[in-house]
Amino acid sequence: MHTKTLRELADGLDSGQFSSEELTRHFLTRIAEHNPTVNAFITVLEQEAMAQAKAADARRSSGRASILDGIPLAHKDIFCTAGVRTSCASKMLDNFIAPYNATVVEKIASAGMITLGKTNMDEFAMGSSNETSWYGPVRNPWNTDCVPGGSSGGSAAAVAAGLAPASTGTDTGGSIRQPAALCNLTGLKPTYGLVSRYGMIAFASSLDQAGPMTRTAEDAALMLQAMAGFDDKDSTSLKRDIPDYSASLNDSLKGKVIGIPKEFFAEGLSDEIATKVRDALAEYEKLGATLKEISLPHSHLSIPCYYVIAPAEASTNLSRYDGVRYGHRCDDPKDLADLYTRTREEGFGDEVKRRILVGTYALSAGFYDAYYRKAQRIRRLIKQDFIDAFKEVDIIAGPTSPNPAFGLGEKVNDPLTMYLEDMYTIAVNLAGIPALSLPAGLVDGKPVGLQLIGKDFCEAEILNAAHQFQLVTDWHKQTPAAFA
């Protein structure tokens, strides 16, 4: 059952091939068996999941079940879950029990899906390898000596190892797409504002976006249908009609123009990844699409731009962790300054501290104009590059990550090298547009991701393109042998 897609599981539940209780128990058993190896879960909700499964079976027997009703999933431990620890993989929140549900959690629960548990991640979503977690690194199911990508590495590893059929993630600079690429999944980062951020612990508020991590584009469409929609509790949520994301999956790609940024195939991209991505693009030509070289002239500025804006917003968002209201608190503080200082020193890891310091510096008097304001101007130029490109093409395609999964510990002490792993994903977040990564091959047994980028609110279009590719290839059906 753990190799089936969400669509196949829904069909199995409908036909009575298995019950939700049997399905949920199967995944809980696999978590107990394999999680010690991959460290994908921080919290497992066995009793709660079985109770939800029983209720789902009752709804199905009475004819009241929706398509996803009774199917288990895992939530990234960045989403607040009422009565359940929400740690953000940090010592700072290790003892925090959320008093309410994030809107994403509420919407998915309303669709009848069952929460297996909360997944590991980079601390406060800051990282590209899932090695900054206070609960230890997550291991890539394809090669357990390698990283799964980050920050949603636990969510990716859980699905890749067959511990959950789907999961939620968040993407601030590639944190859904990059681990999806490294773990052979389909991971979708929606348009900014399409999915509510209420109850999602903030890293960089103008960049963060929640999305699904699944085996296929068809499954991602089903998940996005459940997650998307206006939320009056989120001031960045946008009011607009939500289309049926599954309705256009089978549309032909004939006549579509796919833009290939020349900057995506320049220095920094491994030859093996380039070959696999070009092979995937050739499949799109066979499907009737036309490839056209384009330019995103400011894309090389995305990383320096991001690493001013994101840390600046993080330094503001994380100032709430002061030991006064909730979370970790140092013992026996001498005064208020000592309380703040030691609480943050003890509660935050090195990468979080690094980004807070960079962000505070960028926002400080005398440097705001030189760094933060200039970064925001560059951000506008990056957005304009995409606007101009989409006048000529329907979709933009290229690699998701410049390299396949790298070894645990290989880059953790070299932050600048680590940051370059997001060189193809960050610009999308700065522009606020949708993108997804889908499986496009293997290099030395390690997965390769193809990134598809769309116009604002054109999730259906890139899901259609991904689905059509998956109809003529089987990379998305490959699973790591050790977790078969």
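Whatever comes next refers back to the structure up there.
First, a word on scope: everything that follows refers to the structure included in this document. This structure is a prediction, so every number in the text was calculated from the model and none was measured.

What counts and how
Residues numbered from 1 in each chain as written. Predicted model: local features only at pLDDT ≥ 70, side-chain atom pairs only at ≥ 80, totals over all residues. Heavy atoms only, no water. Helix = DSSP H or I, 4+ residues; strand = E, 2+ residues; numbered from the N terminus. Rg over C-alpha atoms; globule rule 2.2 N^0.38 Å. Contact = heavy atoms within 4.5 Å. Areas by Shrake-Rupley, 256 points an atom, 1.4 Å probe, with all protein chains shown as cover. Lys, Arg positive; Asp, Glu negative; His and termini not counted. Charge placed at Lys NZ, Arg CZ, Asp CG, Glu CD. Phe/Tyr/Trp six-rings, centres within 6.5 Å; stacked < 30°, edge-to-face > 60°. Buried < 20%, exposed > 50% of the residue type's maximum accessible area, 1.4 Å probe, protein only. Pairing = 2+ DSSP bridges. Right-handed = clockwise from strand over helix to strand, strands pointing away. Core = buried A, V, L, I, M, F, W, Y, C linked by side-chain atoms within 4.5 Å. Polar contact = N/O pair within 3.5 Å; in protein donor to acceptor, adjacent residues only side chain to side chain. Axes fitted to C-alpha atoms, helices over the stretch in contact; angles between N-to-C directions. Parallel < 35°, antiparallel > 145°, perpendicular 65-115°, else oblique. Nonpolar A, V, L, I, M, F, W, Y, C, P; charged D, E, K, R; others polar. Salt bridge = Lys/Arg side-chain N within 4 Å of Asp/Glu carboxyl O. Expected span 1.5 Å × (residues − 1). Left-handed = near helix turned anticlockwise from the far one by under 90°.

1. With respect to the overall build of the protein
Right, on to step 1. Check the secondary structure of the protein and you find 15 helices and 11 strands.
Right, on to step 2. A compact globule built from 484 residues should have a C-alpha radius of gyration of about 23 Å, and the protein, at 21 Å, falls within 12% of that.
Right, on to step 3. Dimensions of the protein along its principal axes, counting C-alpha atoms only, are 65 × 55 × 45 Å.
Right, on to step 4. A separation of at least 24 residues holds for 75% of the contacts in the protein among residues at least 6 apart in sequence.
Right, on to step 5. By element, 50% of the accessible surface of the protein is carried by carbon and sulfur atoms, the whole surface being about 17,700 Å².
Right, on to step 6. Side-chain charges in the protein split into 48 positive and 59 negative, and the spacing between the mean points of these groups amounts to 3 Å.

2. Structural notes on the packing of aromatic side chains
Right, on to step 1. Scanning the model with the defined rule gives 15 aromatic pairs in all.
Right, on to step 2. Taking 5.3 Å as the distance between ring centres and 35 degrees as the angle between the ring planes, the aromatic pair formed by phenylalanine 96 and tyrosine 326 counts as tilted. Remark: tyrosine 326 occurs in the loop between helix 9 (302-317) and helix 10 (336-347) and phenylalanine 96 occurs in the loop between strand 2 (72-76) and helix 4 (103-110); sequence separation between them is 230 residues.
Right, on to step 3. Of the residues examined, phenylalanine 96 reaches a relative accessible area of 15% and is grouped as buried.

3. Section: the pairing of strand 8 (residues 290-294)
Right, on to step 1. Pairing of strand 7 (residues 257-261) with strand 8 involves five bridges; the strand directions are parallel. Its bridge partner lying in strand 8, valine 257 is registered against threonine 290.
Right, on to step 2. Crossover handedness for the path strand 7 to helix 8 (residues 271-286) to strand 8: right-handed.

4. Quick word on the nonpolar core
Proteins that are soluble and globular tend to have nonpolar side chains buried together.
Right, on to step 1. Within the largest apolar cluster, 136 residues are counted, with the highest numbers of intra-cluster contacts made by Phe124, Tyr284, Phe386, Leu450, Leu452, Ile453 and Leu463.
Right, on to step 2. A total of nine residues in this core trace back to one element, the largest contributor, which is helix 9.
Right, on to step 3. Grouped together as the second largest cluster of nonpolar side chains are nine residues, Val159, Ala160, Ile176 and Met213 included.

5. Looking at the pairing of strand 6 (residues 209-214)
Right, on to step 1. Here strand 6 lies mainly inside the structure; six of its six residues are buried.
Right, on to step 2. Sheet analysis places strand 4 (residues 167-171) next to strand 6, joined by five bridges and oriented antiparallel. Within the sheet, the bridge partner assigned to glycine 169 lies in strand 6 and is glycine 211.
Right, on to step 3. Pairing of strand 5 (residues 186-189) with strand 6 involves two bridges; the strand directions are antiparallel. Within the sheet, the bridge partner assigned to threonine 186 lies in strand 6 and is threonine 214.

6. Observations regarding the side chain of serine 155
Right, on to step 1. Secondary-structure assignment places serine 155 in helix 5 (residues 153-160).
Right, on to step 2. In this structure the side chain of serine 155 is engaged in a polar contact, spanning 2.8 Å, whose partner is the side chain of threonine 119.
Right, on to step 3. Here threonine 168 takes part through its backbone oxygen, which lies 2.8 Å from a polar atom of the side chain of serine 155.
Right, on to step 4. Contacts of serine 155, omitting those with residues within four sequence positions, involve Lys76, Thr119, Asn120, Ser167, Thr168 and Met213.

7. Observations regarding the packing of helix 4 against helix 7 (residues 217-227)
Right, on to step 1. Between helix 4 and helix 7, the shortest axis-to-axis distance is 8 Å and the interhelical angle comes to 110 degrees. Taken together, helix 4 and helix 7 sit at an angle that is classed as roughly perpendicular. Here helix 4 contributes Val104, Lys107 and Ile108 to the contact with helix 7, which in turn contributes Met223, Ala226 and Met227.
Right, on to step 2. Split by residue class, the contact of helix 4 with helix 7 holds five nonpolar, no polar and one charged.

8. Topic: the side chain of aspartate 57
Right, on to step 1. By the element assignment, aspartate 57 lies in helix 3 (residues 46-61).
Right, on to step 2. Summary of buried charges: aspartate 57 has no salt-bridge partner, and the nearest side chain of opposite charge, arginine 60, is 5.6 Å away.
Right, on to step 3. Within polar-contact distance, the side chain of aspartate 57 engages the backbone nitrogen of serine 20 at 2.8 Å.
Right, on to step 4. Here glutamate 21 takes part through its backbone nitrogen, which lies 3.1 Å from a polar atom of the side chain of aspartate 57.

9. Observations regarding unusual backbone geometry
Right, on to step 1. The linkage connecting glycine 150 with the following residue, serine 151, adopts the cis geometry, with an omega of 5 degrees.
Right, on to step 2. Residue placement: serine 151 occurs in the loop between strand 3 (114-119) and helix 5.
Right, on to step 3. Unlike most non-glycine residues, alanine 89 shows phi in positive territory, near 55 degrees.
Right, on to step 4. Examined against the element boundaries, alanine 89 turns out to sit in the loop between strand 2 and helix 4.
Right, on to step 5. We classify alanine 89 as buried; its relative accessible area is 0%.
Right, on to step 6. Even without glycine at this site, phenylalanine 457 takes up a positive phi of about 65 degrees.
Right, on to step 7. Mapped onto the secondary structure, phenylalanine 457 falls in the loop between strand 11 (446-453) and helix 15 (459-472).
Right, on to step 8. You can call phenylalanine 457 partly exposed: its relative accessible area is 23%.

10. Digging into helix 15
Right, on to step 1. Counted at 1.5 Å a residue, the expected span for helix 15 with its 14 residues is 20 Å, and the 21 Å between its end C-alpha atoms agrees.
Right, on to step 2. With 12 of its 14 residues buried, helix 15 lies for the most part within the structure.
Right, on to step 3. Every buried residue belonging to helix 15 is among Glu459, Ala460, Glu461, Ile462, Leu463, Asn464, Ala465, Ala466, His467, Gln468, Phe469 and Gln470, and all of these are buried.
Right, on to step 4. Those residues of helix 15 that are buried are in contact with strand 5, helix 7, helix 8, strand 9 (395-399), strand 10 (435-443) and strand 11.

11. Here's the deal with the packing of helix 2 (residues 20-38) against helix 3
Right, on to step 1. At a minimum axis separation of 8 Å, helix 2 and helix 3 run at an interaxial angle of 160 degrees. Comparing the axis directions of helix 2 and helix 3 gives the class roughly antiparallel. Once helix 2 is placed against helix 3, the crossing between them reads as right-handed. Between helix 2 and helix 3, the residues in contact are Ser20, Glu21, Thr24, Arg25 and Leu28 and Glu46, Ala49, Met50, Ala53, Lys54, Ala56 and Asp57, respectively.
Right, on to step 2. Here the contact of helix 2 with helix 3 is composed, by residue class, of five nonpolar, two polar and five charged.

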